[in-house]
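Descriptive analysis of the structure
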There are 2 protein chains.
Amino acid sequence: MGQPITVLGAGSSGLATAAHLALSGQRVRLWNRSATTLGQALESKKILSIGAVAGRAKLEGVTTDIRDAIGNSKILMVTTPANAHIDIARLVAPHVSSSMKIILNPGRTFGALEFAHALRQLGMDRLPTIAETQTIIYTCRKLADDSVTILKLKQNVLISTLGQPEETQRLVSSLPECLRAQFVATDHWVRTSLGNVGMILHCLPTLLNVGWIECSGAEFKYYYDGITPSIAALAERLDGERLSVARHMGCEVESIIEWFRRTYAVAGNNLFECIRNNEYYRTIDAPTSLGHRYLSEDVPCGLVPLEALGTVFGLPMRITKLAIDLASNLMNVDFRAQGRNLDRLGLGANSMDEIRTLLLRSG
Amino acid sequence: MGQPITVLGAGSSGLATAAHLALSGQRVRLWNRSATTLGQALESKKILSIGAVAGRAKLEGVTTDIRDAIGNSKILMVTTPANAHIDIARLVAPHVSSSMKIILNPGRTFGALEFAHALRQLGMDRLPTIAETQTIIYTCRKLADDSVTILKLKQNVLISTLGQPEETQRLVSSLPECLRAQFVATDHWVRTSLGNVGMILHCLPTLLNVGWIECSGAEFKYYYDGITPSIAALAERLDGERLSVARHMGCEVESIIEWFRRTYAVAGNNLFECIRNNEYYRTIDAPTSLGHRYLSEDVPCGLVPLEALGTVFGLPMRITKLAIDLASNLMNVDFRAQGRNLDRLGLGANSMDEIRTLLLRSG
């Protein structure tokens, strides 16, 4: 069994991770800030998983106490929405050491960088290994407090640490087989951060379906009904801005279409076709309010840092800006002030060349 | 019976106008550029109207020939979408004289100004009386080539000429009673142009329902289902920008909420409530594609001139800009280049003070 693994967050992704690890024979501790979210699982310490991973998983611990949750774990899987990463960093700081591994799954854009900056600001000199994944490992949905459906274990999910490529390799090698099998180590975390496809798939389609989402009683399938050819075409233009920022970082990242082909093995000449040909999306429901992570996570932890960096490079970032402006004005939130802007990443006062050097410098 | 009245355009508004006038005893000639649009009506010369105005109206002429359509008419009712006004101006120019009255119903923003500028550019010195209304007189929907439902004759629709208030008064007095009863003459056309509420009610709600509109098979009621509280709140902020531009023109115009109360006699503390309390909106269907006048008319002939003028005055115009950018990028149309920009209104080379003087100068 080995040392326990701690899963932070009990949303869809947290339940899937905890169940998957436990059903693969790992000792698992599940933490969530709110007891209400844990619900039944708090007492039963069991999670039912159906779908691609099926079984009733028995956990070692389920708790709202961060000290109990971490204990002697050496691996922390952070599965909360990315907008909570900064709070998680502050919360775990007293309990982490440089020998630990923290995996943000997913990191969204510059998650590991933000996490490291937050720990340093708390006075930590020798940081744990901090890694981020390009996207969540599971296509999954929470069914109840203590049950989840895992539609698909994604293949070849990119993972990176803030360190040299060897550090990422070492991290992956140290993971239990069930996790290791899903990851591909990358040479630089710019690939995971700018490889974040959530901001492409989530923001514009949600914004361009506000009426449908908010109209009580109207339910629809997010990907299948909500993403029409013109919405997909606009999202592809947003994707072009993402690729352009990566290119200015000296890094070619795969397009959303290449990502679909690689991750889901679907065919398609454009984003609309890729989505339509992805059977795993068929049943996924749309959000029922604007207060959903498709905006509250992906705008501040995806589009905001993307725009900030693109602007430093002098790129126009038109569609990115449009989406941030629309989300901010609809939700009355200043996402640029609240999200992963350059200040929050510790890059505020630097010039373009300095930022490029800082970002490309290994951890 | 008196002289005939010519109705240009055979959409919902054109059929409603033609039927209403004919059923009130007027001689009516109906023109449309495309014979297909006229369909049955081309042969039968009859229009069936149901609802607030009910009956089978017999027209004097139904034609695609502009010369036949105008003949000895002294009143031209232009009911086409506003983005066609410039073409209509060029088309009617050889057949109009200074004794004629041209009513753009509605003018949208700066319709009369654009029409006059187009006629002047064709070398016309003594212009006809050109008037614009703040909004279409009828809440109506075309049912077939030759039938229309008039849900409501709107009360107190503002109308203005480009001339002094007395010219507008004379125009209204010269109209047949059935039209006259619906109009209120204003002191200045800034009130009708900036009083254009279509751009508030049509653009953002359409843009924020793109998925629902384009998803084949999903049908919904435009006002009742599609305009949720957060969409209405954003539209109210757009309305604030409209009021602010009017204020900088030295003109207080009524807010969208005041307009609802006055026009439909509905109660409501905010736009959402006004829409919900307006029974005439209950049955109005949403567009089924983005190629609908809610965007193709209201963006170039509402938001574009509004933004252009606001920008001259140094106002931020944030929501207006957002809506134009979103529509332009979704539809791949440069609405600012194509729409009623300052050049197209003949104001391009002028300073803010000159524009203010030009705009406030009577006709």
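Residues numbered from 1 in each chain as written. Chains lettered and ligands numbered in written order. Predicted model: local features only at pLDDT ≥ 70, side-chain atom pairs only at ≥ 80, totals over all residues. Heavy atoms only, no water.

The name given to chain A in an unreviewed UniProt entry is Opine dehydrogenase, with the source organism recorded as Steroidobacter denitrificans.

1. Quick word on helix α1 (residues 12-23) of chain A
We apply this condition: Every helix listed is a DSSP run of H or I at least four residues long, and every strand listed is a run of E at least two residues long, numbered separately from the N terminus. An expected span of 1.5 Å times one less than the residue number is assigned to each helix.
Relative to the 16 Å expected for twelve residues at 1.5 Å per residue, α1 of chain A spans 16 Å between its end C-alpha atoms, a close match to the ideal helical length. Count one or two residues on from α1 of chain A and you reach G25 of chain A, which has phi positive near 95 degrees.

2. Digging into the relation of the copies chain A and chain B
We count it as follows: Residues reaching a pLDDT of at least 70 in both copies supply the C-alpha atoms on which the copies are superposed by least squares. We call two residues contacting when some pair of their heavy atoms lies within 4.5 Å.
Note on the copies: chain A fits chain B at an RMSD of 0.0 Å, the axial shift is 0.0 Å, and the rotation between them is 180 degrees. What we have between these two chains is a two-fold relation. Interface overlap between copies: 100% of the residues of chain A at the interface are likewise at the interface in chain B, consistent with a symmetric, same-surface contact.

3. Brief notes about the domain arrangement of chain A
How big an interface is tends to be expressed through the accessible area that disappears when the partners come together. All names here are of chain A. So the rule is basically this: For each domain, the first and last residues come from an automatic or database assignment. Summed over both partners, the accessible surface that disappears when two parts come together, traced with a 1.4 Å probe, is what is meant by buried area. Salt bridges are defined by distance alone: a side-chain nitrogen of Lys or Arg within 4 Å of a carboxyl oxygen of Asp or Glu. Polar contacts, as counted here, are pairs of nitrogen or oxygen atoms within 3.5 Å of one another; within protein the pair requires one atom able to donate a hydrogen and one able to accept it, and residues that are adjacent in sequence qualify only if both atoms are side-chain atoms. Residues are grouped as follows: Ala, Val, Leu, Ile, Met, Phe, Trp, Tyr, Cys and Pro are nonpolar; Asp, Glu, Lys and Arg are charged; every other residue, Gly included, is polar.
Along its sequence, chain A is carved into domain 1 (5-193) and domain 2 (198-351). Just the C-alpha atoms count here: the centres of domain 1 and domain 2 sit 23 Å apart. When the area that domain 1 buries against domain 2 is broken down by residue, the three leading residues are R108, T109 and R141, summing to 22%. Of the charged contacts in the structure, one is a salt bridge between E297 and R108, with a shortest N-O distance of 3.1 Å. Put simply, domain 1 and domain 2 have 16 residue pairs in polar contact (both at pLDDT 80 or more) between them. Of all elements in the fold, only α5 (85-92), α6 (111-121), β9 (138-144), β10 (147-153) and α9 (189-193) reach the threshold of two or more residues within the side of domain 1 that touches domain 2. The element best represented in the side of domain 1 that touches domain 2 is α6, accounting for four residues. In terms of residue class, the side of domain 1 that touches domain 2 is made up of eight nonpolar, eleven polar and six charged.

4. A look at the pattern of salt bridges
Defined as follows: Three labels apply to residues, based on accessible area from a 1.4 Å probe with only protein chains included: buried if under 20% of the type maximum, exposed if over 50%, partly exposed otherwise in between.
Inspection of every chain in the model, using the stated rule, returns 33 salt bridges over all chains. The salt bridge involving R108 of chain A is made with D298 of chain A; its shortest N-O contact spans 3.5 Å. Pair noted here: R108 of chain A is in the loop between β7 (101-104) and α6 and D298 of chain A is in the loop between α15 (293-296) and α16 (299-312), with a separation of 190 residues, a long-range link. By relative accessible area, D298 of chain A is classed as buried at 0%. The shortest N-O distance in the salt bridge between R180 of chain B and E177 of chain B comes to 2.8 Å. Of this pair, R180 of chain B and E177 of chain B both sit in helix α8 (residues 177-180), three residues apart, which is roughly one turn of that helix.

5. Some points on the interface of chain A and chain B
Residue-level contacts link 24 residues of chain A with 24 residues of chain B. Summed over both partners, the interface of chain A with chain B buries about 2000 Å², with 66% contributed by carbon and sulfur atoms. Three residues stand out in chain A for area buried against chain B, namely W212, L322 and N329 of chain A, and they jointly supply 27% of the buried area on that side. Across the contact surface, chain A and chain B share zero salt bridges. Our count for the contact surface shared by chain A and chain B stands at twelve residue pairs in polar contact (both at pLDDT 80 or more). Sorting the residues of the side of chain A that touches chain B by element identifies α11 (210-214), α12 (229-248) and α17 (318-331) of chain A as the ones contributing at least two each. With six residues, α17 of chain A is the largest single contributor of residues to the side of chain A that touches chain B. Of the residues belonging to the side of chain A that touches chain B, the class tally is 13 nonpolar, seven polar and four charged.

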